[in-house]
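Structural description and commentary
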Amino acid sequence: MDLVKLLDFGLVKRWNQRDDDDLVKSLQLSATGAGHTVAGQIVGTPAFLAPEAALGEQAIDHRADIYALGCVGYWMLTGTHVFAEDSVIAMALAHITKAPEPPSQRTDRAIVPELEALMMSCLRKDPRERPSSAEALRVALSAIPLENAWSRERALAWWAQRLPKQKPASSTA
């Protein structure tokens, strides 16, 4: 059986600016590393940080999560982060200023062109140019033609190939 765990989302909140200006101003990138979120010190995990969050903009909405999901999809397709920088600040700046390389240029695996285009649309710098909602993203994903649709049988075969073989229990009779 497949198991999916979605972690480190829900960071984007709709703040009442009048009441929470001090909280928003206190959020800053942590110098502890690109792979982990530190509560109260970071707007998002640097490797998955939307440009508007890296800039410290106060008008952050759900489209920052769409960007982060694009970063996750990119990692799943390529096995690498969108931007592989040496420091947290360099990574944040890359999310703000650099154009991401298409996933197909970072892996030897075949990537369906429609999937690549959708992942790249999630990574647009301007939030207005990303899919408008998680539902819009779901609809676009479900419309992508796949050569072999994922099924329970394919999942079981995939896991059977990758899980360590269990040794038979020995009896001590």
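About the cut-offs
- Residues numbered from 1 in each chain as written.
- Predicted model: local features only at pLDDT ≥ 70, side-chain atom pairs only at ≥ 80, totals over all residues.
- Heavy atoms only, no water.
- Axes fitted to C-alpha atoms, helices over the stretch in contact; angles between N-to-C directions.
- Helix = DSSP H or I, 4+ residues; strand = E, 2+ residues; numbered from the N terminus.
- Parallel < 35°, antiparallel > 145°, perpendicular 65-115°, else oblique.
- Left-handed = near helix turned anticlockwise from the far one by under 90°.
- Contact = heavy atoms within 4.5 Å.
- Nonpolar A, V, L, I, M, F, W, Y, C, P; charged D, E, K, R; others polar.
- Core = buried A, V, L, I, M, F, W, Y, C linked by side-chain atoms within 4.5 Å.
- Buried < 20%, exposed > 50% of the residue type's maximum accessible area, 1.4 Å probe, protein only.

With respect to the packing of helix 5 (residues 113-122) against helix 6 (residues 134-142)
- One way to put it is that helix 5 packs onto helix 6 with a least axis distance of 10 Å and a crossing angle of 165°. With respect to their mutual orientation, helix 5 and helix 6 come out roughly antiparallel. Handedness of the crossing formed by helix 5 with helix 6: left-handed. Residue-level contacts link L115, L118, M119 and C122 of helix 5 to L137, A140 and L141 of helix 6.
- Looking at side-chain class alone, the contact of helix 5 with helix 6 contains 7 nonpolar, no polar and no charged residues.

Examining the environment of G73
- With respect to the helices and strands, the residue G73 is situated in helix 3 (residues 63-78).
- Once the C-alpha coordinates of G73 and M119 are considered, the two residues, 46 residues apart in sequence, prove to be 6.6 Å apart.

Here we look at the packing of helix 3 against helix 5
- Contact geometry of helix 3 with helix 5 gives a least axis separation of 7 Å together with a crossing angle of 140°. One finds that helix 3 runs oblique with respect to helix 5. In this structure, helix 3 meets helix 5 at a crossing whose hand is left-handed. The residues of helix 5 that touch helix 3, namely those facing I66, Y67, G70, G73, Y74 and L77, are L115, M119 and C122.
- For the contact of helix 3 with helix 5, the per-class residue count stands at 7 nonpolar, 2 polar and no charged.

Quick look at the nonpolar core
- Counting residues in each nonpolar core, the largest one holds 14 residues, and the members touching the most others are Y67, C71, V82, F83 and L123.
- Counting residues per element, the ones that place at least two in this core are helix 3 and helix 4 (88-97).
- Not counting chain neighbours up to four residues away, the residues in contact with C71 comprise A47, F48, V82, H95 and L123.
- One finds I66, L77, L118 and I144 within the second-largest nonpolar core, a separate group that totals 9 residues.

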